[in-house]
Amino acid sequence: MDTLTSRTIQALKAHIIEGQLDKGDKLGSLSELAQKFGVSRTVIREAVSALRSDGVVEARHGVGVFVRDVPRPEDSSGYDTELTLAPLRQLKTSFIDLLELRMAFEVHAAGLAATRRSWAQESNIWNAARQFEASIDDEAALDQLDFVFHRSIAEATNNGAFIEFFSLMSLQILPRPAFSKELNPALITPEYIQNTVREHRAICEAISNGNAEQAREAMRAHLNRSHLRYRGFADGAASPLSNLAESE
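Residue numbers restart at each chain and count upward from 1, following the sequence in its written direction. For this predicted model, a pLDDT threshold of at least 70 governs which residues receive local features, and a threshold of 80 or more governs which side-chain atom pairs are given and counted, while totals over whole chains, interfaces and linings are taken from all residues. Think of the side-chain values as coming from all heavy atoms in the structure, minus any hydrogens and water.

Q: I tried to follow the environment of H227 on my own but got confused; where do I start?
A: Put simply, DSSP marks the helices as runs of H or I at least four residues long and the strands as runs of E at least two long, and each gets a number from the N terminus on. The topology assignment puts H227 in helix α10 (residues 212-234). The class of H227 is buried, set by a relative accessible area of 8%. Separated by 125 residues in the primary sequence, H227 and R102 place their C-alpha atoms 10.0 Å from one another. Working rule for contacts: check all heavy atoms of both residues, and any pair within 4.5 Å makes them a contact. If we skip the residues at most four places from it in the chain, H227 touches L99, R102 and M103. Each residue is placed in one exposure class: buried if its accessible area under a 1.4 Å probe, protein chains only, is under 20% of its type's maximum, exposed if it is over 50%, and partly exposed if it falls in between.

This is how it looks when you write it as structure tokens:
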């Protein structure tokens, strides 16, 4: 089984666990799942077939894919997630410090992706950016689509440690929900989301051009803008983000 299919299988398992889905809950159609996870219908079909064989999901023709049995947390990645995340949770540091760690990691990942990505990986990055842009009015979808965009870049490093660390980091460091207008009305404005679209596009273009330095700078500018705004809110007494690190 190829690596992309294997990663999609683990991502589907993690989605079921992290989304606290129960037996009988609908995951979506094959097309919806392919879009959600930024892969082709062929890949999602192979992943669903494997999970169906394991008894995790069932596919109902013309209806969609449903949870048949919720996997254990350690089954979502091949190791005990709670144990592996323990060092991150024990860090005596602020949420802003964790955001700076994220910047160091993702800036370097963008540079590696520019020089190492395959054609298919480059296509996945662009597809994720376009899906985000096409969904700017769908607040509920933006968090997942932004996650898929950044995950696609991590995968394009073709470095197993980067891919694994991103999977762990995303559970603890990425602010969620990041695009909730209800929770962060002063932060999540139409202008903010449009700027995010433009920044995603700049990152894509730099990676497509194979320009590592430009890719790093585009990612740095993207994360720095959002981090500065989060920092401004986190410094305020009434910050809606003050408990994000604890709630994830």
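What follows continues from the structure just given.
Q: Just checking my understanding: could you explain the environment of E205 for this structure?
A: Tracing the sequence through the fold places E205 in helix α9 (residues 190-208). For E205, a relative accessible area of 39% puts it in the partly exposed group. Sequence spacing of E205 and A215 is 10 residues, and the spatial spacing of their C-alpha atoms is 8.1 Å.

Q: Before we go on, may I ask you to explain the nonpolar core in this structure?
A: One broad rule of soluble globular proteins: the nonpolar side chains tend to lie buried together. Membership of the largest hydrophobic core comes to 30 residues, with the highest contact counts inside it found for I125, F149, I153, I203, I207 and M219. Broken down by secondary-structure element, the contributors of at least two residues to this core are α5 (95-116), α6 (119-134), α7 (139-155), α8 (160-172), α9 and α10. No other element matches α5, which puts 8 residues into this core. Once you skip the residues sitting within four places of it in the chain, I207 turns out to touch A110, A113, A114, R117, I125, I153 and A215. Throughout this description, the term nonpolar core refers to a set of buried Ala, Val, Leu, Ile, Met, Phe, Trp, Tyr and Cys residues connected via side-chain atoms within 4.5 Å. Within the second largest apolar cluster, 20 residues are counted, among which are A11, F37, V39 and V48.

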